[in-house]
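# Analysis of the macromolecular model
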Amino acid sequence: MEDRKKMLSIVGGGLFAAACLGGLMWYLNDDIDKKREEVAKLKTEIASSRNVISTTPDLEREVILQRETDQVVKTILPNDDDIFNFVRTLRTFEERSQVSFSSIKGKAEPRSNNQNKADFDKVTYSLQFSGDAFQILSFLHEVESHERFMRVPAFKIKAAKRQGLDERMNTPRHSVDLEVETYVYAPNSNSQRVEIESYENKRDLLRTEISSRQRELTVEPYDYRGSGNRRDPWVDPRVPARSATEDVLSIEAQIAIVEDLSERTAASIALWEEWHESANLIAEMKSRGELEKHLSVLEEDVRRVEQEGQLLFAPAERRFQLEVVAELKRIREMLQNDEGAQLPVVMLRQAIDTMYSHLEKREYQLALDAFAGIEVRLASADLDAVRRPIVERLLEYAHQAETVLEFDQLDIVIQGVANLGPDHRAVLIDGRTYLAGELVQPELMVKAIEEDEIRFVFRDVELAKAVGI
């Protein structure tokens, strides 16, 4: 009995010991699994950290480049505040280029949703306007050269019809439909700025690449120089294209000249009407004086335009002939019909002033042109004691101008000057030697010989010619 109890105790103690040992082994095994998981996790974190460490320099480099590039982007793209002034900017372009807007409409663009908001939102306007070829180019230049980024994705032009142009129209105007678009720069507010250690030093190391990226975003300025006497390819190919070395006025300048002369001619007609309807002698004399003074200056400018051939743009030349030349001729004919043979003193004195002005500027042909306008009436005019000396002065000025022009046409070449003694020289002209006082040709006498020029008397007018010419 005692042996049986002892055996049971031994068996029970063994079982208990085995249970405790099994429990201990299970606990230790579970702890080992956890440790393995922790080791695996640590290995993953180490690998991830190593990856971060290896990619951080490249990431920092891209962040620095992007931040520095953003400074340029902010200058070329408008923000929400700037876009409110976009229409005002377009109106400024209209004024500078002299096109005429007929419509400005905003074009709806899809907006980014809040969950996936982009940094850029497109803004587009549809425009309709009219202008000549070079005003249209000027408007496009304003868009292209503006400090803010803009582009023209769509463009359509309807050319003016040549057969529909009025004879007095200065330039044809074409109809244009185009779109102008830009982008509003609004960085995503969900992004957080991360500080980069030693940012300035790292930025300086990337200065070359930063500058390169900034240059790629910066639009190079272009100097648009207007028409440059180029043809309008859509309507009028008759305007000659001139080389850069030729002294030719631009189309805009030619139009401005004709516009000015046309307005002054209209003012002359108004002055003629005022003179013709004068109520008394004093008013008549005053208005006639103003008319003659105005006509004299205007006709002088018209002669200069014709002689210098300033008008090459066909519509401008056509308008010049219709509104200026023909109208001035009509005014002079009306004045002649009203006055008969009697020439007003104020008209004669104004003619003297005009001719003297041309002679002072050595514009001898223009002086003769001014005299031609009054010469026909001098022959049949009744010249009293007041008018006679004025007419004699006019004839003298005409003689001087005509003599100078004929002297310039003489076929003589001064080949040199020889010193024969104190204040005694001879001149070699066309292979022959002449002294002062000798005739070179009939009506042409050597008056004085200087080292650099020879003074002649030709038809009682003293003239000089440089040695070697």
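Summarised in this report is the structure supplied together with it. Here the structure is a predicted model, which is why all the values come from computation and not from measurement.

Taken in spatial order, the three strands line up as β5-β6-β7 in an open sheet, and their pairing is antiparallel. Of all the strands in the sheet, just β5 (414-421) and β7 (432-434) have a single pairing partner and so form its edges. Along the sheet, successive strands turn relative to each other by an average axial angle of 30°, direction set aside. Bridge count for strand β6 (residues 424-429) against β7 is three bridges, and the pairing is antiparallel. What sits directly across from Ile 429, in β7, is Arg 432.

Attention now moves to the nonpolar core. General note: in soluble globular proteins, nonpolar side chains tend to be found buried as a group. Ranked by size, the top nonpolar core spans 36 residues in total, and within it Ile 429, Leu 444, Val 446 and Phe 456 carry the most contacts. Of all the secondary structure elements, the ones that give two or more residues to this core are α10 (345-360), α11 (364-379), α12 (387-408), β6, β9 (444-449), β10 (453-458) and β11 (461-466). Residues in contact with Ile 429, not counting those within four places in the same chain, are Ile 412, Val 413, Ile 414, Gln 415, Tyr 434, Val 440, Val 446 and Phe 456. Judged by nonpolar contacts, the second largest core, of 25 residues, contains Ile 251, Ile 255, Leu 311 and Val 324.

The subject of this paragraph is unusual backbone geometry. Positioned with a positive phi, Glu 443 is a non-glycine residue whose angle comes to about 75°. Structurally, Glu 443 can be placed in the loop between β8 (439-441) and β9. Looking at Glu 443, the relative accessible area reads 48%, which means it is partly exposed.

This part is about the packing of α10 against α12. Contact pair α10 / α12: the axes reach a minimum separation of 10 Å and the direction vectors enclose 25°. The angle between α10 and α12 falls in the class roughly parallel. Of the two possible hands of crossing, α10 and α12 adopt the one that is left-handed. Facing α10, whose interface residues are Val 345, Leu 348, Arg 349, Ala 351, Ile 352, Met 355, Tyr 356 and Leu 359, α12 presents Arg 387, Ile 390, Val 391, Arg 393, Leu 394, Tyr 397, Ala 398, Gln 400 and Ala 401. Within the contact of α10 with α12, the residues separate by chemical class into 13 nonpolar, one polar and three charged.

The first and last C-alpha atoms of helix α3 (residues 86-97) sit 17 Å apart over twelve residues, in line with the 16 Å expected at 1.5 Å per residue. Within the sequence span of α3, burial applies to Phe 86, Thr 89, Leu 90, Phe 93, Glu 94 and Ser 97. Within α3, the buried residues cover an arc of 150° as seen down the axis, which keeps them to one side. Facing away from the buried surface of α3 by more than 90 degrees, the exposed residues are Arg 88 and Glu 95. The positive-phi residue at the C-terminal boundary of α3 is Gln 98, with phi of around 70°.

This next bit is on the pattern of salt bridges. Inspection of every chain in the model, using the stated rule, returns 18 salt bridges. Where Glu 323 meets Arg 319, a salt bridge forms, and the shortest distance between an N and an O atom there is 3.0 Å. Taken together, the positions of Glu 323 and Arg 319, both in helix α9 (residues 314-339) and four residues apart, correspond to about one turn of that helix. The exposure class assigned to Glu 323 is buried, which follows from its relative accessible area of 11%. A relative accessible area of 9% places Arg 319 in the buried class. Members of the salt-bridge network, linked through shared partners, are Asp 260, Arg 264, Glu 300, Asp 301, Arg 304 and Glu 363.

Procedures and definitions
Residues numbered from 1 in each chain as written. Predicted model: local features only at pLDDT ≥ 70, side-chain atom pairs only at ≥ 80, totals over all residues. Heavy atoms only, no water. Pairing = 2+ DSSP bridges. Helix = DSSP H or I, 4+ residues; strand = E, 2+ residues; numbered from the N terminus. Axes fitted to C-alpha atoms, helices over the stretch in contact; angles between N-to-C directions. Core = buried A, V, L, I, M, F, W, Y, C linked by side-chain atoms within 4.5 Å. Buried < 20%, exposed > 50% of the residue type's maximum accessible area, 1.4 Å probe, protein only. Contact = heavy atoms within 4.5 Å. Parallel < 35°, antiparallel > 145°, perpendicular 65-115°, else oblique. Left-handed = near helix turned anticlockwise from the far one by under 90°. Nonpolar A, V, L, I, M, F, W, Y, C, P; charged D, E, K, R; others polar. Expected span 1.5 Å × (residues − 1). Arc of directions from axis to C-beta. Salt bridge = Lys/Arg side-chain N within 4 Å of Asp/Glu carboxyl O.

Taken by themselves, the reported measurements are silent on function.
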